[in-house]
Amino acid sequence: MNNNLLVIGDIHNRVALANEYIKRFRDTPVIFMGDYFDDFHDDIIDARNTAEWLKDSLSKPNRIHLLGNHDVPYLTNGKIYCPGWNPEKNKVINEILDPEDWDKLKYYHYEKNYYFSHAGLTLKWFGNPLDAKIDPENVEKIVTRAASELRAGLNGDPLWAADEMRGGDHDVGGLLWCDWRVLSHIEGINQIVGHTPSKRILRNANEDFESEHFNVDCFLREVLLISSEGIATVIKQF
């Protein structure tokens with residue numbers, strides 16, 4: 001194992017391609033940004049293959065798996081809906097993934113001076129209104145409470161709040177639904193997210209806030225490699 005970190009964006013059933021990147025950077029810890037399921041042209045065979053891959057991947061060391069908005073309907077057995085879900089896929093996925101597997105998926109992760117989440121931390125849902133900053137303890141507290149509601153099939157903020165860009169009622173989305181175009185900078189906070197499709201990995205830096213964002217949801221055309229010093233490099237497909 002080395003001290004780099006490989007960041008793989010939204011998979012949406014592209015498990016073979018994800019595996020190719022992992023083989024290319026063998027012995028490098030990996031973080032997956034969520035959205036393992038649904039590509040809008042898939043079927044129960046695709047769902048089964050992805051679920052089997054995910055179950056195996058969850059058992060491997062040095063891998064971090066985040067939860068995406070397209071995974072939540074299968075976690076909640078359809079109590080919370082996202083386009084792409086159907087009961088047939090739900091059945092085969094949950095025949096393979098048990099509650100212990102789902103519990104291994106994280107809502108966010110912090111490493112190498114970056115916050116990793118499927119869609120992003122925002123001041124609206126996670127900030128301190130008195131000083132416009134993110135308090136890590138507050139983030140954990142909010143996520144823990146909202147995750148408990150989510151597991152119960154409740155539409156609890158801030159994980160599940162969808163912004164207007166995604167057909168929701170909020171100006172800014174929550175941790176699993178915030179659109180990249182409304183992910184604003186927070187002083188001293190660097191973020192890596194997925195969720196908003198793009199042809200390539202996108203970078204948005206703000207010198208005034210000393211903040212840097214990456215969006216890695218690019219159909220796995222590229223991935224991100226973060227060095228031991230925290231320097232992010234875009235790696236193109238083979």
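Residues numbered from 1 in each chain as written. Predicted model: local features only at pLDDT ≥ 70, side-chain atom pairs only at ≥ 80, totals over all residues. Heavy atoms only, no water.

Caption draft 1: Seen up close, the pattern of salt bridges. Per the stated rule, a full pass over the model turns up 14 salt bridges. We note a salt bridge from Asp38 to Lys89, for which the minimum N-O separation is 2.8 Å. Residue Asp38 is found in the loop between β2 (30-32) and α2 (44-58), and its partner Lys89 is found in helix α4 (residues 87-96); the two are separated by 51 residues along the sequence. Take Lys89: its relative accessible area is 2%, and that puts it in the buried class. Where Glu95 meets Lys91, a salt bridge forms, and the shortest distance between an N and an O atom there is 2.6 Å. You can see Glu95 and its partner Lys91 sitting in helix α4, four residues apart, about one turn around the helix. Of the two residues examined, Glu95 and Lys91, each falls in the exposed class. Overlapping salt bridges bring together Asp38, Asp42 and Lys89 as one network. (Salt bridge = Lys/Arg side-chain N within 4 Å of Asp/Glu carboxyl O. Helix = DSSP H or I, 4+ residues; strand = E, 2+ residues; numbered from the N terminus. Buried < 20%, exposed > 50% of the residue type's maximum accessible area, 1.4 Å probe, protein only.)

Caption draft 2: Quick look at unusual backbone geometry. Its identity is not glycine, yet Asn13 carries a phi of approximately 75 degrees, on the positive side. Here Asn13 lies in the loop between β1 (5-8) and α1 (15-24). The phi dihedral of Asp38 falls on the positive side, at around 70 degrees, and the residue is not glycine. Looking at Asp38, the relative accessible area reads 1%, which means it is buried.

Caption draft 3: Fine view of the environment of Phe116. Of note, Phe116 is situated in strand β5 (residues 114-117). Leave out the neighbours within four places in its chain, and Phe116 touches Leu5, Val7, Ile31, Met33, Leu66, Tyr108, His109, Glu111, Ile192 and Ile226. (Contact = heavy atoms within 4.5 Å.)

Caption draft 4: The pairing of β1, seen in detail. Of the two faces of β1, the one lined by Leu5 and Val7 and the one lined by Leu6 and Ile8 are each fully buried. Inspection of the sheet shows β1 paired to β2 by three bridges, in the parallel sense. The partner of Ile8 across the bridge, within β2, is Phe32. Viewed along the sheet, the connection from β1 through α1 into β2 turns out right-handed. (Pairing = 2+ DSSP bridges. Right-handed = clockwise from strand over helix to strand, strands pointing away.)

Caption draft 5: The side chain of Asp179, seen in detail. By the secondary structure assignment, Asp179 is in the loop between α7 (136-151) and β8 (191-193). Those residues in contact with Asp179, other than ones at most four positions away along the chain, are Asp163, Met165, Arg166, His195 and Thr196.

Caption draft 6: Representation of the sheet that holds strand β3 (residues 63-65) within the structure. Within the open sheet, the five strands sit side by side as β3-β2-β1-β11-β12. Their pairing is mixed. In this open sheet, the two edge strands, each paired with only one partner strand, are β3 and β12 (232-236). Mean inter-strand twist for the sheet, computed between neighbouring axes without regard to direction, equals 20 degrees. In the packing of α1 onto the sheet, the strands contacted are β1, β2, β3, β11 (222-226) and β12, and the crossing angle to β1 comes to about 170 degrees. The strands touched by α2 within the sheet are β2 and β3, with β3 carrying the most contacts at an inclination of about 130 degrees. (Axes fitted to C-alpha atoms, helices over the stretch in contact; angles between N-to-C directions.)

No statement about biological role is implied by the geometric values presented.
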